[in-house]
Every structure is written in C-alpha cells, then in structure tokens.
Amino acid sequence: MLPVYPEVKPNPLQDANLCSRVLFWWLNPLFKIGHKRRLEEDDMYSVLPEDRSKHLGEELQGYWDQEVLRAEKATREPSLTKAIIKCYWKSYLVLGIFTLIEESTRVVQPIILGKIIGYFENYNPTDSAALYEAYGYAGVLSACTLVLAILHHLYFYHVQCAGMRLRVAMCHMIYRKALRLSNLAMGKTTTGQIVNLLSNDVNRFDQVTIFLHFLWAGPLQAIIVTILLWMEVGISCLAGMAVLIILLPLQSCIGKLFSSLRSKTAAFTDTRIRTMNEVITGIRIIKMYGWEKSFADLITSLRRKEISKILRSSYLRGMNLASFFVASKIIVFVTFTTYVLLGNVITASRVFVAVTLYGAVRLTVTLFFPSAVEKVSEAVVSIRRIKNFLLLDEITQCNPQLPSGGKMIVDVQDFTAFWDKDLQVLEDGDLTVIGDRGTTLSGGQKARVNLARAVYQDADIYLLDDPLSAVDAEVSRHLFELCICQALYQKITILVTHQLQYLKAASQILILKDGEMMQKGTYTEFLKSGIDFGSILKKENEETEPSTVPGTPTLRNRTFSESSVWSQQSSRPSLKDAAPEDQDTENIQVTLSEESRLEGKVGFKAYRNYFTAGAHWCIIIFLIPVNIAAQVAYVLQDWWLSYWANEQSALNVTVNGQGNVTEKLDLYWYLGIYSGLTVSAVLFGIARSLLVFYVLVSSSQTLHNQMFESILRAPVLFFDRNPIGRILNRFSKDIGHMDDLLPLTFLDFIQTFLQVIGVVGVAVSVIPWIAIPLVPLGIIFFVLRRYFLQTSRDVKRLESTTRSPVFSHLSSSLQGLWTIRAYNAEERFQELFDAHQDLHSEAWFLFLTTSRWFAVRLDAICAIFVIVVAFGSLILAKTLDAGQVGLALSYALTLMGMFQWCVRQSAEVENMMISVERVIEYTDLEKEASWEYQKRPPPSWPQEGVIVFDNVNFSYSLDGPLVLKHLTALIKSREKVGIVGRTGAGKSSLIAALFRLSEPEGKIWIDKVLTTEIGLHDLRKKMSIIPQEPVLFTGTMRKNLDPFNEHTDEELWNALEEVQLKEAIEDLPAKMDTELAESGSNFSVGQRQLVCLARAILRKNRILIIDEATANVDPRTDELIQKKIREKFAQCTVLTIAHRLNTIIDSDRIMVLDSGRLKEYDEPYVLLQNRDGLFYKMVQQLGKAEAAAITETAKQVYFKRNYPEITHNGHVVMNASNGQPSALRIFETAL
C-alpha cells in the first residue's frame, strides 16, 4: 500500500562541483529531456536526503516538544516561533551575508558609474592615464554586474529552499497532530480548517523567508544611500528621500484598503462558489424542476456584487503599480528641482549617479521592505493559528497487554464467496483502483468493502455500525447469515441496525432512544413484556410470520436499502445516478474522462476572445497609443535631464584664461518642460493602468456569465462525465485567476516590456554600434526562452499534479480518522503522507531550480549588454557627450533585474492564459433542447395524465449503450404504477426519458402531446418528482419550496402542515425566511424528503413520479409519506420506482423491467400467479414469510378492486379445500 518510491533518479546536485552549483549546470540533462518530450513524474530527481519530509518534520517536532516542556515548567504559553528559530537560525544567518554583499554591490555600482561619466565630462583626448583609469572603472562595473547576476539567484535559490524546508516540516507536524486529535479537540476544529492550514497558512513560509533579510537590509541601505547622495547633491537629496518616505505609508494605506476590500470580495466569492457547488451537485433536480432561471438570477446577482468589489480593488492595484512605475520619476524630479532652485548647476555625473542610487534603493524600500513587513505579519498570524492547532488535546496512546488466551481461527471463506460476483464486474478484480473516497463503487459495494476490511482484521470484538442499510434485501440477508452469524460466530459482535427482522438472532438486545438506554434484554423477553418498542417488534413479527394472527392487514416491512449505484455519501453526488447499470460499472469508470489539457502554446484566438469579451475593438486599439505615450514620456523625462546637463557643461567656457565663468541658462524654460514631461509621465502611467484593469476585469465578468449560461444549458450527461471538482475548478480557480492575478500580471508585463524596449532604444540611439551585438544576444534570448518554457511548463504541471495527492490524502485521512485509529494504522498513514510530500518536494525543487537556471542565463545576457555599453562608450569617447553616456549606462544597469522579470511575467501571462482557455472551452458546450418553443402546450395541459410510450429507445449519450430497448406501454389516467427491476434494469432511465434528460428515440405522448415537440421547461414543470436524494439548497425555506414566488404564504404553510413540518419550521428564528445551512444539512434526511413532498404538493401537477423516495427515512416518516401520496395524489397518475416490493404491491399495475426491456406489465396479483415470471421470483427471494405476506396483500387489493362484493370485513374468504380463493373458482367456471 505504501508508494515508497524507489530511488528514481539520484539528485545530481549531490555531487555537482562549485561551478556547476553556481551556474545550475547540473540541470542541463533535465532540459535536454524536456526539450525532446513531455516530462513525466519519473523524470524528477529524488529529494535530497536533508529535505525529506520525515527528517525535517521530526527535527522541528523535537524542538517544538522541548519548547512545550520548557513552557510548562515556566507556566507560559509555548511559542512556535521560538522552536522555528532554534531549529533554523544557523543556516538562515549565513544567507544574511549574501544579502549584505549583494546590496552593497548595488550601492557601489552608481559610484563607479559616476567616475566613468566624470571621465567624459573632463574629456581630454591626450590624457591616456585618465583613459586607463576609466577602463579600470568599466572593468569594475562589469565585475559588479556579473557578481550581482550570480549572487542574486544563488541567494534566492537558498532562501526559497529554506522556505520549502520550513513548510514541509510544518505540514508533517500538522498531519501528525491531526492523526492524534482527541474527540474534544475534533469539536474545536473542522476538516476545512485543517486543510486550510495545510494549503494556505504554510505557504506563507515559502514567501516570508525570501524577504525576511530585507527587514534589516532595507533601512541600512537607505541610510548609506542617503549619505552618498548627500555627498553628491547636498541637502536636496532629503527632498527626494522625503518623497520616498511619503510613498511608503501611502502604499501601506492602499495595502490596508486593499486587504479590507479583499476580505469582502472573499466573502462574496465564497458564497458564489458554495452556491455553484450546490447548483452542480443538484443539477439533476434543478433540471427536473425547471428551476434554472431562478438559480441563474441568484448567481448573477452574487457575481455582480463580487465584480464591483474586484473592480475597486483592481483600480487600487493599478494605482499601486502605476505609483511604483512613476515613483522614481517623481523622486528625481523633486530632487533636481530643489537642487536647481537652490542655485546649483546641474552636471551629468551628478544627475545619473543620483538616478542610479535612487534606482538601487527604490526597489528595496518600496518593494522588498514593505513586502517583508507584510509577509512577516502574515506569517505571524499563520504561526499563531498553527500553534493553536498544535496545542489541541491529543488522545492518550495506550497499549494494554492482552492476555494470550486460545485464539479462535475465523473461517473467512464463506464471506469472500459473495464478493466474487462483484470482483468479476470490476475490471481488474481486487486490484481495481477505487476513485476518490470510493466513487466508483456503489453504496452497497462500499458497505461490503468496509465489512470485508473489518473481518480480515481478525479482531476479538467487532463493532458494526449498520453495515446492512446500504444493500438490498437479498444481499443484506446473505451478509447477515453468512458473515455476521457464521464468520463472526466466535467473536463478540455489536451490531447497530434498523433492520428489525434480524433481532431474533441476537443474544442480547439494547434499545436506545435520544442517546439513553430504554430497554435491554433478549428477543423472547421483549415479546413477553410488550413495551413501547415491543409494538414495533410485534408488527415486524406478524409480518415475518403472517400465520400467527389471521385477519390483520400486514404492515410495510422496512429495510434500509439503498442500492442505487452511487452511494449516498459519495463525495461527488453529481455522479450519483450516473451509472444506471450496476453491471456496467466498468464503462462508467471509462467515461470519467481524463481532464483535457491543452498542449503547447496558447493560441492567438484565446487572446482575441479574452480581450474582445472585455471591451469593444476601438477601446483595445486605443489602449496601444496610451501605452506607448506613457513609455515615451517616461524616457523623455530622463533624456531632457541629460540634454540640460550637456547644454550646461557646454557653457562652462574659459574666458581669456581668467578662470571659468559659468553663464546661467534660462532656468524656467528647462524646468517648465521638465515638469510638463514629469506630469505627463505620471498621468499616462495612471491612465493606462486603470484602462487595462477595466478591460480585463470586464472580460472576466463576461466570460464567467457565458460559461455559467452554457453550463446551465448543458445536458445531464455532461455532469455525469465531468466530476464536480473539475467543473467547480473552472468557477473557482480559473475565474479567480482571471479576476485577480491575470490583469495584474498582464499590466506588469506590459510595463516592464515597454521599459526594456525603452532601454534598448536609448542605448542604440546613443551608440548605434550597439545594435550589432544586440542581434546575437536577441537570438540567444529567444532560443533560451523557447528551450526553457518547454521544460518549465511541464515542471509547473507536475508541481500542481503532485500537490493534489497531499491534500486528498489529508482530507480522506480526516474523514476516515476513526477507521485509521480503529485499525491502528497511524504509522502507515504518516509514512504515506511523507511519501506524498516528498514527491511534491521533488517537483517544487525542480520548479525553484529551473527558474533560477533560466534567470541566471538571462541576467548573464544583460550583464554582457552592460559590458558592451560601458566599453563601447569608452572606445567611442570622441563622439559622445557625458549626458548621453550617463543615460545609456544608467538605463543599461536598470535592465539587470527588469529584463528577467519581464520574461518571467511573459511566461506567467502565458500560463494564466491557460485559465482563460479553460473557461472559453466551457462557454461553448453542447446544449440540450430549448427551454421554450414557439409551440407551447395549453396552460391546462395535461388534464388527464395519460402517458404513452411508443417503441422508446433511450441511451445517455449518442455512442452509449441503449438503456431502454423498444419500450411500449400505456399508463392510463389516474393510474398508480409501480416500476420494479434489479439494479440496472433501467428504472431510473425510464424517468430520465420521460423528463428528456437526454433525447429519447421513439415517441412519448402525454395527453396527446408529443413530449419532444415542446420546450423542456414546459414539459418538466408539468410533472412533479420526489427524487431519491432529497436536495435542499442554501437559502431560505421559502426559496426552497417556491423559488419563483408563485404561491401565497398561506399555500406554503398549508403544504408544510400537510407534511407535518409546520412546527419544525415555526420553531426556526425567522420561520420560513431562515437561511438554511449548506445544502440544508441542518435538517434530517427524513425532513428533507418531506420538503420534497411539500414541493410536489404545491405544484399540483397531474403526474407525480417517485424515485424510491423512502429509501433512507424511518418507518414513521415512510408511512406518513405513503399516506400523503395516497390522499393528495388520488386524482393523479403516479409512477413509483421501488427497490422494496412492499411499497408498491398495492399499485394498480406493476411494470417489471429487465436490462432495459419491459418484461411484465399487469396487476400485482396477476403477475404473482405466473410462477416463471420475474416478479414472482423477485418476491420469493425475500424469504418465505415475507413473500407470503406480500402475496396476501396483493390478493386483498386485487379482490377489493375487482370483486368488492366478495371481501367480507377486509379478509378474503378462503376455500378450505385447497387454499385457493373460492372467487377465483367461480371466475374460472364463468369463463
């Protein structure tokens, strides 16, 4: 059972040399594979021994246990933070040195730049010493650039690894704790909360480690830069710094606003997704009731509220991005305006040293430092939540020594005999893979697997919690006699059950009511004492032995059968009735298609659809010049400064050798244009951000509505083929990406892309020769990008596919917690969890390293570009002015981080466009027939309720097998018809054909109207159905009964009174307007079934269909439902699908179906006379007593209906001679 992965591929990092480690060369073989074909799981390198989940988790757990002990001694709260710090401080401190070197290099660069520009300012062709010095500086600048390129990525790789280790260790501890929670603690937490800790909270650790060092590096760097600026431009630097400092609180204000909007949005999103979940789960019911429009309105209104919040937060984000984009412009503007107004003269070296220094500090102060604060505060919250969880009570682990008595050997042989049938049905026998929480098994099969698992454990005491309720009568009897009574004969067995017919076999009976013991004793004692429960036992007894008291009408026997194919607690209720044929379980397994995943690149068509969904073509075309204008203004502002400096230095002429006389320029003219350019850069920057966000968020809105519309009109088959999670994923994750991340990433990409273009453009305009080395660099870059993306896409895909098993393992462990403990399997599950974690770590590790591999190479390209510009400008010194060199070089330096960020964002955009593709794919699904046609039936139709099936064939899909074959039948007006057949005979399919859940072949007429000629809503709203699974939706009780507000309050209350729910509803705080819990889970199954009955009563339709409506309710409710159906629907045509024959034995006629064909169709008693008939055989399978009782009822009903004069006082007069009713004699002779 343990997927202990064999050492697949040893990790090449273990024996890589230093050079290979620094440049990530050891990854090259992987890229070669990724270039040739798709990467699969076995291509991943195994985890480094020090990164294994077990090792990391146990290490941190040790520190935490020590901390808990220390805290107990000192009587304080234990601190998880302390444990984490103790565990990781050494390795993390070393990384601080990296940060120090990197950030100081960033500060050294501008100074060197100043020296190079200085050479140009005092250019003297004859001074070769100065030239060599300048070459020296250019060399240092190149070295700095290369060091930065390499150090930065090494640092990032190591801190991300540290984050990964911390996350993995935390997950291990959380899972370990979850397996040990006591009952009390389980009450204080929910599965959702634990999954949340594991999916969201621990992810904070991945991010916090990246930024943590900037908490000290940021302020330190700011102080050093301020000192250097002071040396360059004097007191004016404070003005620039002031702007920087003002931007910080402004950004944090926006951040605060943003997070408050965010939490409001999240609330709306949660409600929308929860409602979506219910819609998809209950789609069958919604379609049968014709309620699509009501739900469409509900979702649309929720989505509208959500989008209005999203738009606001997007505008905030846009402002934030724009402010980041123009911050440097404003800072430089303020600094130099102050500088000039204080009467100083501008020079190129001063301008560009200042610009570059601000550039260095701006990233750290406006991006890294605030991120660090934000991530640290998030991490603190997460740590607190995890700590509270880790401090919950545990169960005490005790292993008492058992006395070794003579062990009994169990013969399990009889038991396996029954499974054989089922194992033959399953494709791979006992090696068949069972879906998530057993979705591919029917309810009955699940119950039997569960029972088998218990019996194989060979324990001494067995606690069986109603294992018989999910199987039909025949199987139930088999399990009880052969398994519980025989196989477990020598064991102490406690059986909880509703099935009273088995009580005779019990050696001791306990009767519980409301959690207290009512009675205790043996079967015979109960019969004698005849107390409260005895009455039920007696009734049961009369039924099983009808000969005892003659003359009493028999009561319905009750076995809790639920032999529909998909179990009731299935995790994917939408698949519930998907397999109408039990024997065809295997083709259902096939139809759960693999989720389609589009290979390769995202097509142009997706982009086109995405943009045009958001706005008109004109607006999109208008976006282009706005973007270009913003970038031009951005570059011009810097260019104007360099031009100004050049003009100024040209005026520093020497007059008559009397020393320098500096003439003043027309200050206001230069300042005016400078201010104008700055303002336009700011305005354009903001305008384009807001526009892009507006277009992209609107397109997300439009596509969501189109997708939802298309889902509502999709045929039921679509929901059977696609598990609920897959559809929901489109509505939660993919739409979430489109609302949230995609617009942001897109805008970021456009900004950085234009900036890169700007940088290259400036450099080429200054030194046209640069274009020559640019061509090969460009080619290398494109080849690299294509090469990298092939592998990176696969790695990203592997990362997300290996993440899901971690969560599904956690949630199935939490659901089966008692089972795991009962079987003492905690160790095994912990190991399994660690194995899943290690697999994810393999993918995550590759994800980190491959992106660093690429980034190092990109930054190397940029470094080469910087070197070319630096040395190129020195070689061409004669033709250049200081200002131009300053502009070109300072721009080239900004390229370092920006270029690779731009490429990374372009890949991100492409990855997220996959979400758009997936959504667009769902906007164009095949549709079922229209809801209304031109031809509408008369409003009073159907008056009679006559149904005619004329040679009907039916299959769920065009290529699927026929589930109904050549069915021809007439159901008369007001007739009550029972439909019986084994599992998979086509009972539910008959109803599906009637409701046109898929289009039937052949003709179905209802009161002379051909059902295929009218709209689906016209058809479905005229038939009422009481479904097998009672479905309630979140919302008020009123909405659940009457979503379109078609009835008065009085009518609603009357309906509730009819089904005896009036008191229950009146006790609720807001009566009928009380919000129900998710899918009405605060009502019992029985009550929900009654609500469905109330819906049917309200609709007052002529045709009522009951699909085994009483399979999971208690006998009293069952009786009430049957009684109401008889009273309320006496004038209606009623079709009842039954698995339990006693519910329909008093019908007017019974249809017997077998593998899609109608085998028998007549009155029950007549069918029972045919000894070779299917119906007779079905009745006989119930056991002698039961069969006799049913036959007796059928006989009475038959005579009451056909010969009312012969039945005296409700009992048929028997002819003594041969037990045949005398009436039949007369009848035969009369013939």
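No experiment lies behind these values; they were computed from the predicted model shown.

Calculation rules
Residues numbered from 1 in each chain as written. Predicted model: local features only at pLDDT ≥ 70, side-chain atom pairs only at ≥ 80, totals over all residues. Heavy atoms only, no water. Helix = DSSP H or I, 4+ residues; strand = E, 2+ residues; numbered from the N terminus. Buried < 20%, exposed > 50% of the residue type's maximum accessible area, 1.4 Å probe, protein only. Contact = heavy atoms within 4.5 Å. Areas by Shrake-Rupley, 256 points an atom, 1.4 Å probe, with all protein chains shown as cover. Patch = residues over 30% accessible without salt bridge, like charges linked within 9 Å, V, L, I, M, F, W, Y side chains within 5 Å. Salt bridge = Lys/Arg side-chain N within 4 Å of Asp/Glu carboxyl O. Pairing = 2+ DSSP bridges. Axes fitted to C-alpha atoms, helices over the stretch in contact; angles between N-to-C directions. Phe/Tyr/Trp six-rings, centres within 6.5 Å; stacked < 30°, edge-to-face > 60°. Lys NZ or Arg CZ within 6 Å of the ring centre and 35° of its normal. pLDDT = per-residue confidence, 0-100. Arc of directions from axis to C-beta. Parallel < 35°, antiparallel > 145°, perpendicular 65-115°, else oblique. Left-handed = near helix turned anticlockwise from the far one by under 90°. Nonpolar A, V, L, I, M, F, W, Y, C, P; charged D, E, K, R; others polar.

Explain the overall build of the chain to me, using residue names and the numbers behind them.
Helix and strand counts for the chain stand at 39 helices and 16 strands. For the chain, with 1231 residues in total, the buried portion stands at 52%. A separation threshold of at least 6 residues defines the contact pool for the chain, and within that pool the share at least 24 residues apart is 81%. Accessible area of the chain: about 55,400 Å², with a carbon and sulfur share of 59%.

I'd like a rundown of a nonpolar patch on the surface, residues and numbers included.
A cluster of nonpolar side chains, contributed by I624, I628, V632, L636 and W639, occupies part of the molecular surface with about 440 Å² of accessible area. With respect to the secondary-structure elements, I628 resides in helix 21 (residues 617-651). Assessed through its relative accessible area of 45%, I628 is described here as partly exposed.

Can you break down the side chain of H1017 residue by residue, with the values?
By the secondary structure assignment, H1017 is in helix 30 (residues 1016-1020). Filtering out sequence-adjacent residues up to four positions away, H1017 remains in contact with G290, E292, K293, W931 and E932.

Requested: an account of the side chain of D734, with residues and values cited.
On the secondary structure map, D734 appears in helix 24 (residues 724-766). For D734, the residues in contact, after removing those within four places along its chain, are N729, S915, R918 and V919.

Just give me the short version of the sheet that holds strand 15 (residues 1149-1154), but keep the residues and values in it.
Overall, mixed pairing links the six strands, which are arranged 12-13-14-9-15-16 in an open sheet. On the outer flanks of this sheet lie strand 12 (1023-1026) and strand 16 (1157-1162), each paired with one strand and no other. This sheet shows a mean twist of 20° between the axes of neighbouring strands, independent of strand direction. Inspection of the sheet shows strand 9 (residues 976-980) paired to strand 14 (residues 1133-1137) by four bridges, in the parallel sense. Bridged to I979 within strand 14 is I1137.

An account of the pairing of strand 15 is needed here, citing residue identities and associated values.
A large share of strand 15 lies buried, amounting to five of its six residues. The pairing of strand 9 with strand 15 spans four bridges and is classified as parallel. Bridging from a neighbouring strand, I979 pairs with M1151 of strand 15. Sheet topology places strand 15 next to strand 16; five bridges connect them, and they run antiparallel. Each residue of the ladder has a partner; that of M1151, found in strand 16, is Y1161. Counting the residues that bridge the hairpin from strand 15 to strand 16 gives two residues, and of these S1155 lies at a positive phi of roughly 35°.

Before we move on, could you go through the environment of F526 and cite the residues and values that matter?
As for its position among the elements, F526 is in helix 17 (residues 523-529). Overall, the relative accessible area of 3% leaves F526 in the buried class. Between the C-alpha atom of F526 and that of I509, which follows or precedes it by 17 residues, the distance is 8.9 Å.

Summarise the packing of aromatic side chains; cite the residues concerned and give the values.
This structure, assessed with the given rule, holds 42 aromatic pairs. On the basis of an interplanar angle of 75° and a centroid distance of 5.5 Å, the ring pair of Y119 and F120 is categorised as edge-to-face. In terms of burial, Y119 and F120 fall into one category: buried. Consider the rings of Y1165 and Y1198, whose centres lie 5.2 Å apart with planes at 45°: the pair is tilted. A residue pair is termed long-range when its members are at least 10 positions apart, and Y1165 in helix 36 (residues 1164-1169) and Y1198 in helix 38 (residues 1184-1202) qualify at 33 residues. Grouping residues by exposure puts Y1165 and Y1198 together as buried. Every member of this aromatic cluster is reached through a ring pair, and the members are F333, W639, W640, Y643, W644, W669, Y670 and Y674. The ring of W931 has R713 sitting right over it, with the charged end atom 3.9 Å from the ring centre. When the ring centre of Y922 is taken as reference, the NZ or CZ atom of R730 above it lies at 4.0 Å.

Account for the pairing of strand 10 (residues 1001-1006), with residues named and values stated.
In the sheet, strand 7 (residues 947-954) pairs with strand 10 via five bridges, with the strands oriented antiparallel. When the bridges of strand 10 are listed, I947 appears paired with I1006. Across two bridges, strand 10 lies against strand 11 (residues 1009-1010) in antiparallel orientation. Note on strand 11: the bridge partner recorded for I1006 is V1009. Hairpin geometry of strand 10 and strand 11 is characterised by an intervening segment of two residues between the two adjacent antiparallel strands and by a positive phi of about 45° at D1007.

Residue-level account of the confidence of the model for the chain, with values.
Of the residues in the chain, 85% have a pLDDT of 70 or more, and the chain-wide mean is 79. In the model, residues 400-418 has pLDDT below 50 throughout and makes 21 contacts with residues more than four positions away in sequence or in other chains. Across residues 537-592 the pLDDT falls below 50, and counting only partners more than four positions away or on other chains, this stretch makes 161 contacts in the model.

I'd love a proper account of helix 2 (residues 28-36), names of residues and values included.
Inspection of helix 2 places L30, F31, I33 and G34 among the buried residues, and these make up the whole buried set. Each buried residue of helix 2 lies within a common arc of 160° when the element is viewed along its axis, so the set occupies one face. Facing away from the buried surface of helix 2 by more than 90 degrees, the exposed residues are K32 and K36. Where the residues of helix 2 are buried, they touch helix 25 (771-815) and helix 27 (826-875).

Pulling in residues and values, what's your account of the packing of helix 10 (residues 236-281) against helix 24?
Here helix 10 crosses helix 24 at 155°, and the two axes come no closer than 10 Å. With respect to helix 24, the element helix 10 is oriented roughly antiparallel. With respect to the hand of their crossing, helix 10 and helix 24 are arranged in right-handed fashion. Of the residues in helix 24, those in contact with R262, R272, I273, M276, N277, I280 and T281 of helix 10 are I724, I727, L728, F731, S732, I735 and D740. Residues belonging to the contact of helix 10 with helix 24 are distributed by class as follows: eight nonpolar, three polar and three charged.

So what about the pattern of salt bridges? Which residues, and what values?
Enumeration over the complete set of coordinates arrives at 42 salt bridges. The closest approach of N and O atoms between D838 and R52, which form a salt bridge, is 3.4 Å. Within this pair, whereas D838 is found in helix 27, its partner R52 is found in the loop between helix 2 and helix 3 (53-73), the two being separated by 786 residues in sequence. Among the residues examined, R52 registers a relative accessible area of 29% and is labelled partly exposed. One network of salt bridges, in which partners are shared, links R272, R303, E306 and D739.

I'd like a description of the environment of E58, backed by residues and values.
By secondary structure assignment, the location of E58 is in helix 3. Here E58 falls in the partly exposed class, since its relative accessible area comes to 43%.

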